Amino acid sequence: MKTFNPFTQKPTPVTDGFQNWKEQYPKSYNKYEVDPYTKTRIILMNGTEFEANWFSHQFQRHTCDTDLRRELSLTRAVEKQQQLKISLLKPCNETALEHTIGYEQLAVDLTAELAKREPDCYVKKALDFALLEDFDHLYRYANQLEMEQGVVAERLVGRYTEIMPGRPTIAHHRFPMDNVKRCIDSKVADKQTVLTTMIITAAEQQTMNYYMNITPFATNDLARKLYQEIALVEEEHVTQYGSLMDANATWLEMLLWHEYVECYLYWSCYMTETNPYVKTLWEQNLEMEISHLHKAVELLKKYEKKDWCEVIPDGDFPAPLSLHENIEYVRNILGTTVQFTGDREDYTKLEDLPKDADFFKYQALINDPVSCVPSHFVIDSHIRRYGKDYRYEVAPNPVKELRQRACDNVEVGRVPNSAKSTDFSCNVKF
């Protein structure tokens, strides 16, 4: 595949990105016909634009240089238009809960894809750890969806992603200090690792924001409680992934990285999109982001006297980020690491934690009584109504303790010796 380097492209003026109201309002996809991965790309780019926009707001609040603040405001305004246009690709007749299935399918398949290509073993471990939690969230929401709307989620995910228990959501509630990890150094890290930490942080942050905002608008108490619980787990995920990002880079260096990530993702979406109309939007947004990237190059040179290649030595993109099924990969991680939890900067099997570990104390505080934990109550309610939970699986769950369909397991991932796990694995370098 021919490489693509956005730094060598000729940019258009940033102001060319502004559109009138007719241009800003897109044609929504047909929820009955759209490819599931078109939906997940839309959610991903919505989150990527929000992250870039919010970073720019924070940057403005940490500098008093009015000229620089004006430059930031110009790009930021275009990016907010981009984000809104992308978000409006979602049709009016797609319910919030149906849309939520897309969020969790993105979380599963994006995390798995990034993990499979991640060269840094520590970062890969973080991805594999949270992967099992988003996988379980998909299962909980799918059961709520069938109870509430009579919709089976396997149709929404195109049967590309399994729907069954992962590490049970009840086990996701950790003492906050156990979610903070070591940050990378973008000056020495592999370019793929920098991209990974920024992409996954933006994606999980978008999921957190969506759940935080949608929770009060859910149509019944059980759904509201489920969103409330999982929204707080997503806060844990954003803490974990955000802590991996380079905290030593300057604001302008990180501005350059943010724009580079946006260019890479729009290019990836363009290269992998199957919907002609949406593909055209990805191409248009790539052109806008190239102009934003070159503006960041200009600002870096003006204010820090640095060339872009001092921050990103090789501007060529890696292979496009492709969203696709990852069933076997997820099964492997589930079968080998379900019994791990966060333990300060690392991850430890429950059996190896001291009895007075913060994890156990926090679990006892948050999940008492277990019968009232929303994620458990959803499955319990589904079983009482239908006689079993809702699943879409191509084979029995790789964790035998999670195969029981008439009873929700609340011990795996939170009680020592409730299942067997081995260890995390690194990608082999050739």
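Check the entry above for the structure.
Note that the structure is a prediction, hence the values are computed from the model and not measured. (Residues numbered from 1 in each chain as written. Predicted model: local features only at pLDDT ≥ 70, side-chain atom pairs only at ≥ 80, totals over all residues. Heavy atoms only, no water.)

(A) Spotlight on the pattern of salt bridges. Summed over the entire model, instances satisfying the criterion amount to 29 salt bridges. E71 is paired through a salt bridge with K295; the nearest N and O atoms lie 3.3 Å apart. In this pair, E71 sits in helix α3 (residues 66-87) while K295 sits in helix α10 (residues 276-304), placing the two residues 224 residues apart along the sequence. For K295, a relative accessible area of 15% corresponds to the buried category. Taking the shortest distance from any N to any O, the salt bridge between D380 and R384 comes out at 3.3 Å. (Salt bridge = Lys/Arg side-chain N within 4 Å of Asp/Glu carboxyl O. Helix = DSSP H or I, 4+ residues; strand = E, 2+ residues; numbered from the N terminus. Buried < 20%, exposed > 50% of the residue type's maximum accessible area, 1.4 Å probe, protein only.)

(B) Structural view of the state of the cysteines. Following the criterion strictly, the structure yields 1 disulfide and no others. Here C121 pairs with C426 through a disulfide, and the sulfurs are 1.6 Å apart. Given an S-S torsion of about -65 degrees, the disulfide between C121 and C426 has left-handed geometry. Of this pair, C121 sits in helix α5 (residues 121-149) while C426 sits in the segment after α13 (374-386), and the two are 305 residues apart along the sequence. On the accessibility criterion, C426 (44% relative accessible area) is partly exposed. Here C263 is not disulfide-linked; the sulfur of C269 is the nearest cysteine sulfur, at 12 Å. A residue is classified by how much of its surface remains accessible, and C263, at 0% relative accessible area, is buried. (Disulfide = S-S within 2.5 Å.)

(C) Representation of helix α11 (residues 327-337) within the structure. In terms of burial, α11 is largely enclosed, as 8 of its 11 residues are buried. Among all positions in α11, only I327, Y329, V330, R331, I333, L334, T336 and T337 are buried. Where α11 is buried, its residues meet α4 (96-117), α5 and β1 (340-343). (Contact = heavy atoms within 4.5 Å.)

(D) A look at the packing of aromatic side chains. For the coordinates displayed, the defined rule picks out 26 aromatic pairs. Note on Y141 and Y227: the rings are 5.1 Å apart at their centroids and 45 degrees apart in plane angle, and the pair reads as tilted. With Y141 in helix α5 and Y227 in helix α8 (residues 221-244), this residue pair connects regions lying 86 residues apart in the sequence. For the pair shown, Y141 and Y227 are each scored as buried. Between F175 and Y362, the ring centres sit 6.2 Å apart and the planes meet at 70 degrees, which makes this aromatic pair edge-to-face. You can see F175 sitting in the loop between α6 (153-156) and α7 (191-214) and its partner Y362 sitting in helix α12 (residues 358-366), a full 187 residues away along the chain. (Phe/Tyr/Trp six-rings, centres within 6.5 Å; stacked < 30°, edge-to-face > 60°.)

(E) Main features of helix α2 (residues 36-60). Under the 1.5 Å per step criterion, the end-to-end length of α2 is 37 Å for 25 residues, consistent within 8% with the ideal 36 Å. Sitting at the head of α2, D35 places a side-chain oxygen 2.8 Å from the backbone nitrogen of Y37. (Expected span 1.5 Å × (residues − 1). Polar contact = N/O pair within 3.5 Å; in protein donor to acceptor, adjacent residues only side chain to side chain.)

(F) Just the packing of α2 against α3, in detail. Direction vectors running N to C along α2 and α3 enclose 160 degrees, while the axes themselves pass 9 Å from each other. The pairing of α2 with α3 is recorded here as roughly antiparallel in orientation. You can see that α2 and α3 cross each other, and the crossing is left-handed. Here I42, M45, N46, E49, F50, A52, N53, S56, H57, F59 and Q60 of α2 come into contact with α3, specifically with L68, R69, L72, R76, E79, K80, Q82, Q83, I86 and S87. Tallied by class, residues from the contact of α2 with α3 come to 8 nonpolar, 8 polar and 5 charged. (Axes fitted to C-alpha atoms, helices over the stretch in contact; angles between N-to-C directions. Parallel < 35°, antiparallel > 145°, perpendicular 65-115°, else oblique. Left-handed = near helix turned anticlockwise from the far one by under 90°. Nonpolar A, V, L, I, M, F, W, Y, C, P; charged D, E, K, R; others polar.)

(G) Representation of the side chain of H172. Mapping H172 onto the fold places it in the loop between α6 and α7. What makes H172 buried here is its relative accessible area of 0%. Reaching out from H172, the side chain makes a polar contact with the backbone oxygen of R167 at a distance of 2.6 Å. Among residues more than four places away in sequence, those in contact with H172 are E133, D136, H137, R167, V233, E236 and Q363.

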